[in-house]
Amino acid sequence: MQYPVYLDYAATTPCDQRVAEKMMAYLTEDGDFGNAASRSHLFGWKAEEAVENARAQVADLIGADTREIVWTSGATESDNLAIKGIAFTRKDRGRHIVTSKIEHKAVLDACAWLESQGFEISYLQPTAEGLITPDSVEAALRSDTILVSLMHVNNELGTLTDIAAIGQECRKRDIALHVDAAQSAAREFVDVEQMQIDLLSLSAHKMYGPKGIGALYVRRSPEIKVAAQIHGGGHERGMRSGTLPTHQIVGLGEAAEIAKKQRKKDRIALAELNERFLQNVSKIDGVSLNGSRQQRAPGIVNLSFDAVDGESLLMALRELAISTGSACTSATVEPSYVLTAMGQPQELAQSALRFSFGRKTSCDEIDYAVEKLSETLQNIRATKAWG
Ligand SMILES: *Cc1c(COP(=O)(O)O)cnc(C)c1O
C-alpha cells in the first residue's frame, strides 16, 4: 500500500499508463507534433487525423456523432460554453433557466453571472436524500424556460439523477437540456440519444485522462446552437477557437475508449468496494451516510460524524488522501452548500468527509481507511469527553 492512501478519485484520477504513452507520440520532433489546422502539409494532416480519431472515440462513449463533439479545456469550460452559449442564442425566446442548488460551481457561477445579465434562474431544492426529482424539474418549467442544466452524478454525494425522465420532458417543450457528466461518463451508462440530452460536459482528468482537456457534446438534430465564448481562428466549427492540443485530445480519446471497454467491469468492482466500505463503516458509532443509499453511482461516499468537527478529523487522518464536503476559506470552514441545501444541520454538514474510490483502489485500502477512521474518531471523541 502507498501512503497516504488515495481516496479522492472524485477530485481527480491518475492518468492511465496507456493514455500517457499514447500522448507522448504527439509532442516531440520525432512525433506527430503538427498543428491540426495546418492544411498544407503532412505534419498538419497527421495531427488532424489523430484529433478526428479521438473525436470518434469520445463520441462513441456517449452514443454521439463525431460532428457533435467540441474540444474544450475541461468540464468547467464545457459548462460555461453550454450555459452562456444557450443563454445568448435563445435570449429572445426567453430568459429563464432551471438548475439546482447542488450543482458544481462551474454551473452555479455561470448561472449567477447570467443573473447579473438579466436572466432568471430557478435553483431547485434537492430532497433530504440529495436527489433532484423529475417532478421538481417539471414543476419549474415555464413558457419562457430556455435551458435545464443538471449533473448526472453529484460530485460530493455520488447520487444519481434520472436524466432520461427529465430529457423526455424537456424535448417535449423544446427546452435545451445540458448535463454535466464529468463524474459519470467513466462509470455509468451515458447515451445522449436514449436520455435525450442536448449538451453534455466531459472532463478527461475525471476518467483517467490528462488534466486541461474536456469536451462539450452539442446536438445536431434537432440542432442546438451555442454562441462561442472564446473567439479566434474559428476552430471547432466556430464554437471554440484556439489551436487544438493534439496530445491532450489523443489522451482524452484513449481514456474514453478504455472507459467504454471497462466501464461495466469497473462499476462492478467499485460497487463491491463501496459495499465493503459502507458495511464496515456502519459498525462505527455516530456515522451517517449523506445522500440516497439506493439511487447512487458507486465510488463516492459522503459521511457525517456526530460530535466531531470535519477539520480536526481531516487533520488527524493524515494517512488518507480524502476531502471535506466543505469549502475551506482562510479563517473559517464553511459547511458544504450541497449538504446545507439538503437541510443538514450546520454541525453535521461541517463534519462531512468525502471518500471516493477508483480503478486502483484495493480491499486492503478500504479496510485500512475504515480502521484509521474508527481509531481517529475514538481518539477525538475521548479527548473531547476529557477536555
Ligand atoms: C471536476 C468537475 C468539474 C470541473 O471539471 P474540470 O475539467 O476540472 O474543469 C465540473 N463538474 C463536475 C461535476 C466535476 O466533478
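Keep in mind it's a predicted model, so treat the numbers as computed, not measured. (Residues numbered from 1 in each chain as written. Predicted model: local features only at pLDDT ≥ 70, side-chain atom pairs only at ≥ 80, totals over all residues. Heavy atoms only, no water.)

A. Structural detail: the domain arrangement of the chain. Domain annotation of the chain identifies domain 1 (5-11 + 262-380) and domain 2 (17-258). Listed as interface residues are 28 residues of domain 1 and, on the opposing side, 36 residues of domain 2. In total, domain 1 and domain 2 occlude about 2,700 Å² of area from one another, counting both sides; carbon and sulfur atoms represent 48% of this. Taken as a group, Arg 263, Tyr 337 and Arg 359 account for 26% of the area that domain 1 buries against domain 2, more than any other trio of residues on that side. At the junction of domain 1 and domain 2, the tally comes to one salt bridge. (Domains from an automatic or database assignment. Contact = heavy atoms within 4.5 Å. Buried area = accessible area lost by both parts, 1.4 Å probe. Salt bridge = Lys/Arg side-chain N within 4 Å of Asp/Glu carboxyl O.)

B. Just the pairing of strand β2 (residues 69-72), in detail. Taking every second residue as pointing to the same face, both faces of β2 are buried, with Ile 69 and Trp 71 on one and Val 70 and Thr 72 on the other. Bridge analysis of β2 against strand β8 (residues 214-218) gives four bridges, and the strand direction is antiparallel. By the bridge assignment, Thr 72 is partnered in β8 with Gly 214. (Buried < 20%, exposed > 50% of the residue type's maximum accessible area, 1.4 Å probe, protein only. Helix = DSSP H or I, 4+ residues; strand = E, 2+ residues; numbered from the N terminus. Pairing = 2+ DSSP bridges.)

C. Highlighting helix α6 (residues 163-172). Of all the positions in α6, only Ile 163, Ile 166, Gly 167, Glu 169 and Cys 170 are classed as buried. End-on, the buried residues of α6 take up no more than an arc of 165 degrees, which puts them together on one face. Buried-residue contacts for α6 involve α5 (134-140), β5 (145-151) and β6 (176-180). After α6 finishes, the residue Asp 174 shows a positive phi value of roughly 60 degrees. (Arc of directions from axis to C-beta.)

D. Focus on the pattern of salt bridges. Inspection of every chain in the model, using the stated rule, returns 27 salt bridges. One salt bridge connects Asp 60 with Lys 260, and the closest N-O pair in it is separated by 3.5 Å. One end of the pair, Asp 60, is in helix α2 (residues 42-62); the other, Lys 260, is in helix α7 (residues 246-281), and 200 residues separate them in sequence. The class of Lys 260 is partly exposed, set by a relative accessible area of 38%.

E. Layout of the layout of surface pockets. Approximately 230 Å³ is the volume attributed to the second largest pocket. Lining the second largest pocket are 19 residues, and of these Arg 187, Tyr 208, Leu 270, Phe 357 and Gly 358 sit closest to its centre. Residue composition of the lining of the second largest pocket, by class: 10 nonpolar, five polar and four charged. When residues of the lining of the second largest pocket are assigned to domains, at least three map to each of domain 1 (5-11 + 262-380) and domain 2 (17-258). (1 Å grid on protein atoms, 1.4 Å probe; cavity = no way out; pocket = protein on both sides within 12 Å on 5 of 7 lines; lining within 4 Å. Points joined across faces, edges and corners; volume = space filled by probe spheres on them. Nonpolar A, V, L, I, M, F, W, Y, C, P; charged D, E, K, R; others polar.)

F. A look at a nonpolar patch on the surface. A surface patch of nonpolar side chains, amounting to about 440 Å² of accessible area, comprises Phe 33, Leu 42, Phe 43 and Trp 45. Tracing the backbone through its elements, the reader meets Phe 33 in the loop between α1 (17-24) and α2. Residue class for Phe 33 comes out partly exposed when judged on its relative accessible area of 42%. (Patch = residues over 30% accessible without salt bridge, like charges linked within 9 Å, V, L, I, M, F, W, Y side chains within 5 Å. Areas by Shrake-Rupley, 256 points an atom, 1.4 Å probe, with all protein chains shown as cover.)

G. Highlighting the nonpolar core. Residues Ile 62, Ile 69, Trp 71, Val 148 and Leu 200 are the most contacted members of the largest nonpolar core, which totals 52 residues. When residues in this core are grouped by element, the largest group, seven residues, is from α2. In this structure, this core is formed jointly by two domains, domain 1 (5-11 + 262-380) and domain 2 (17-258), each of which donates at least three residues. In contact with Leu 200, other than residues within four places in its own chain, are Ile 62, His 178, Val 179, Ala 181, Val 190, Val 192, Ala 215, Leu 216 and Tyr 217. Counting residues in each nonpolar core, the second largest holds 26 residues, with Leu 320, Ile 322, Ile 366 and Val 370 among its members. (Core = buried A, V, L, I, M, F, W, Y, C linked by side-chain atoms within 4.5 Å.)

H. Expanded view of the sheet that holds strand β7 (residues 199-203). One open sheet accounts for seven strands, arranged β2-β8-β7-β6-β5-β3-β4; its pairing is mixed. Edge positions in the sheet fall to β2 and β4 (120-124), since each of these pairs with one other strand and no more. Neighbour-to-neighbour, the strand axes of the sheet open up by a mean angle of 20 degrees, direction not taken into account. The strands touched by α2 within the sheet are β2, β7 and β8, with β2 carrying the most contacts at an inclination of about 110 degrees. Across the sheet, helix α4 (residues 105-116) touches β3 (96-100), β4, β5 and β6, and the angle it forms with β4 is around 145 degrees. (Axes fitted to C-alpha atoms, helices over the stretch in contact; angles between N-to-C directions.)

I. Molecular detail of the site of the ligand. Around the ligand, the neighbouring residues are Gly 74, Ala 75, Thr 76, His 104, Asn 155, Asp 180, Ala 182, Gln 183, Ser 203, His 205 and Lys 206. Within the contact set of the ligand, an oxygen atom lies 2.7 Å away from a side-chain nitrogen or oxygen of Ser 203. At 2.7 Å from an oxygen atom of the ligand is found a side-chain nitrogen or oxygen belonging to Lys 206. When grouped by side-chain class, the residues that make up the shell around the ligand number two nonpolar, seven polar and two charged. (Near = heavy atom within 4 Å. Polar contact = N/O pair within 3.5 Å; in protein donor to acceptor, adjacent residues only side chain to side chain.)

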